[in-house]
Amino acid sequence: MRVLLLGGGGREHALAWKISRSKRLTKLHVAPGNAGTSQVAENVNIRPTDFEEVSRFVEREAIDMLIVGPEEPLVEGIRDYLEASGKHPSLAIVGPGRAGAALEGSKEFAKAFMARHGIPTAAHLSVTRENLAEGIAFLQRQRPPRVLKADGLAAGKGVLIVDDPAEAARELELMLGGKFGKAGERVVIEEFLRGIELSVFALTDGRDYKILGAAKDYKRVGEGDTGLNTGGMGAITPVPFADAAFNRKVEERVVIPTIEGLRADGIPYKGFIFFGLMNVGGDPFVIEYNVRLGDPETEVVIPRLNVDLLSLLDAMDKGLLREMDCELEAGYRAAVMLTAGGYPGPYEKGHVITGLDDVRESLVFHAGTTSRDDAVLTSGGRVIAVSARGDTLEEALQRSYNDAEKIHFEGRYYRRDIGRDVK
């Protein structure tokens, strides 16, 4: 099979690494890719949101399968565009159309969907400038802290958690006034759920599904979950506090009602679904949906799959997921993210990365890198994910940290407490 994978982060490197191991693969392209994907695939200088250029490339290279890594092209309707063109009747596309992608593209849509199908989630109110006074009154009635979410895509930065009601009201006005651009023209205020977060990942053909595992990621930049939110500073899988009873509740109360709800609403869906959950006293509540895999969770979830990923995705496209086995390797995986100094604020790019060849026990997934001559350089805030396996969580973490210490670039930073809160 000839495959085009859209994206250029750690998630895409992990997917490219896994797909490159498939015996069914003829050629793998990644657009735009990074220094890591270039080691297992051919990078292509195409923006994932340039649908016309993607279409031309698919036609020119006789691509059999398109895998959409990031959320933006899905929410903007890349599947709809390619299907409407009529040029690619046999192209398998991993990712939903615009209607299904609204689960991530609009917090308000997701909340209404969950209410319609009885899926547990936090109490909420959707606010625009027209009902701002109602929103402020709702904030004042909530127990602290207050949660404000930009309705649209905000690159993982559109969620605020604020204790003081007056400050929350000011932030609400700022968000509606353009703090997060168009994403914040509508804001969803949520009840704060007290519990511990995790994510569950599934692949569905619109009828059947396979659960790919659960992971816990670490969003805050500082140790002890302090500081600003980031795109993710590390992840672990499986999640120690998600036992068989909890996982059964997730499947029965969240996964199955979501897939059945999409069918009931007449929304075709073929692709990954990320269920962002809160474990509240042993019961799962949905915080958010993503319509693709998470990052850095992908860097620990995908390596655990004891299955040919390309065959699994092909079965999804053909509606044959029920015939596939999807076993997970034993043990644990942990990933530590190395970031540029200053991230998630302003940071420098272009620093040389050394020590990559010294890593022995971990997989190194590039997130924000590029290559020049024979050097690998930093090109993003999140630079490298170091992912390791162990028979125990402690062993996986130790291997990841040992290898993280071997990789160097100016300003390198990483959290040293990934996984410590659940051990």
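Residues numbered from 1 in each chain as written. Predicted model: local features only at pLDDT ≥ 70, side-chain atom pairs only at ≥ 80, totals over all residues. Heavy atoms only, no water.

## Here's the deal with the nonpolar core
Item 1. If you look at the biggest cluster of nonpolar residues, it comprises 43 residues, and the most contacted ones within it are Leu4, Leu66, Ile78, Phe275 and Tyr289.
Item 2. Per element, the largest residue contribution to this core is 6 residues, and it comes from helix H9 (residues 244-264).
Item 3. Excluding anything up to four places from it in sequence, Phe275 contacts Leu198, Ser199, Val200, Ala202, Val254, Val255, Thr258, Glu288 and Tyr289.
Item 4. Of all hydrophobic cores here, the second largest spans 36 residues; its members include Ala16, Met65, Val307 and Leu312. (Core = buried A, V, L, I, M, F, W, Y, C linked by side-chain atoms within 4.5 Å. Buried < 20%, exposed > 50% of the residue type's maximum accessible area, 1.4 Å probe, protein only. Helix = DSSP H or I, 4+ residues; strand = E, 2+ residues; numbered from the N terminus. Contact = heavy atoms within 4.5 Å.)

## Re the sheet that holds strand S4 (residues 65-68)
Item 1. The 5 strands lie next to each other as S3-S2-S1-S4-S5, forming an open sheet whose pairing is parallel. Both outer strands of the open sheet, strand S3 (42-43) and strand S5 (92-94), are each paired with one neighbouring strand and no more.
Item 2. Two elements, strand S1 (residues 2-7) and strand S2 (residues 27-32), share 6 bridges in a ladder whose sense is parallel. Its bridge partner lying in S2, Leu6 is registered against Ala31.
Item 3. Helix H1 (residues 10-19) rests against S1, S2 and S4 of the sheet, and its axis sits at about 165 degrees to S1. (Pairing = 2+ DSSP bridges. Axes fitted to C-alpha atoms, helices over the stretch in contact; angles between N-to-C directions.)

## Quick word on H1
Item 1. Counting buried positions over the 10 residues of H1 gives 10, a clear majority of the element.
Item 2. Three or more residues of H1 are buried, namely Gly10, Arg11, Glu12, His13, Ala14, Leu15, Ala16, Trp17, Lys18 and Ile19.

## Considerations on the pattern of salt bridges
For side chains of opposite charge, pairing can occur when their charged atoms come near one another.
Item 1. Within the structure shown, the criterion is met by 34 salt bridges.
Item 2. We note a salt bridge from Arg56 to Glu53, for which the minimum N-O separation is 2.5 Å. You can see Arg56 and its partner Glu53 sitting in helix H2 (residues 51-60), 3 residues apart, about one turn around the helix.
Item 3. Between Asp225 and Arg415 there is a salt bridge, with the nearest N and O atoms lying 3.0 Å from each other. With Asp225 in the loop between strand S12 (220-222) and strand S13 (226-229) and Arg415 in the segment after helix H12 (393-404), the pair connects residues that are 190 residues apart, well separated along the chain.
Item 4. Judged by relative accessible area, which is 1%, Arg415 ranks as buried.
Item 5. Connected through shared salt-bridge partners, Arg24, Asp314 and Lys318 make up one network. (Salt bridge = Lys/Arg side-chain N within 4 Å of Asp/Glu carboxyl O.)

## With respect to the packing of H2 against helix H4 (residues 78-85)
Item 1. Relative orientation of the contacting elements H2 and H4 amounts to 55 degrees, with a least axis distance of 10 Å. Comparing the axis directions of H2 and H4 gives the class oblique. Here H2 runs over H4; the crossing is right-handed. Note on element contacts: H4 touches H2 through Ile78, Tyr81 and Leu82, opposite Phe51, Glu52, Val54 and Ser55.
Item 2. By residue class, the composition of the contact of H2 with H4 is 5 nonpolar, 1 polar and 1 charged. (Parallel < 35°, antiparallel > 145°, perpendicular 65-115°, else oblique. Left-handed = near helix turned anticlockwise from the far one by under 90°. Nonpolar A, V, L, I, M, F, W, Y, C, P; charged D, E, K, R; others polar.)

## Here's the deal with the side chain of Glu12
Item 1. Locating Glu12 in the fold gives a position in helix H1.
Item 2. We classify Glu12 as buried; its relative accessible area is 2%.
Item 3. Among the polar contacts listed, one links the side chain of Glu12 to the side chain of Arg11, at a separation of 2.7 Å.
Item 4. Apart from the residues lying within four places of it in its own chain, the contact partners of Glu12 are Leu5, Leu6, Gly7, Thr37, Gly69 and Pro70. (Polar contact = N/O pair within 3.5 Å; in protein donor to acceptor, adjacent residues only side chain to side chain.)

## Considering the pairing of S4
Item 1. Residues Met65 and Ile67 of S4 are buried on one face, and the alternating residues Leu66 and Val68, pointing to the opposite face, are buried as well.
Item 2. For S1 and S4, the ladder comprises 4 bridges, and the chain directions are parallel. Bridge pairing links Leu4 to Leu66 in S4.

## Describing helix H5 (residues 98-105)
Item 1. Of all 8 residues in H5, 6 are buried; the element is thus mostly enclosed.
Item 2. For H5, the complete set of buried residues consists of Gly100, Ala101, Ala102, Leu103, Glu104 and Gly105.
Item 3. If you follow the buried residues of H5, they end up packed against helix H3 (71-75), helix H6 (107-116), H9 and strand S16 (283-290).

## So, the sheet that holds strand S7 (residues 146-150)
Item 1. Ordered in space as S6-S9-S7-S8, the 4 strands form an open sheet in which the pairing is antiparallel. The open sheet is flanked by strand S6 (124-127) and strand S8 (159-162), the only strands paired with a single partner. Neighbour-to-neighbour, the strand axes of this sheet turn through a mean angle of 20 degrees, independent of strand direction.
Item 2. Across 4 bridges, the pairing between S7 and S8 is antiparallel. Across the sheet, residue Arg146 finds its bridge partner in S8, namely Val162.
Item 3. Strand contacts of helix H7 (residues 132-141): S6, S7 and strand S9 (187-190), with the helix running at about 155 degrees to S6, the strand carrying the most contacts.

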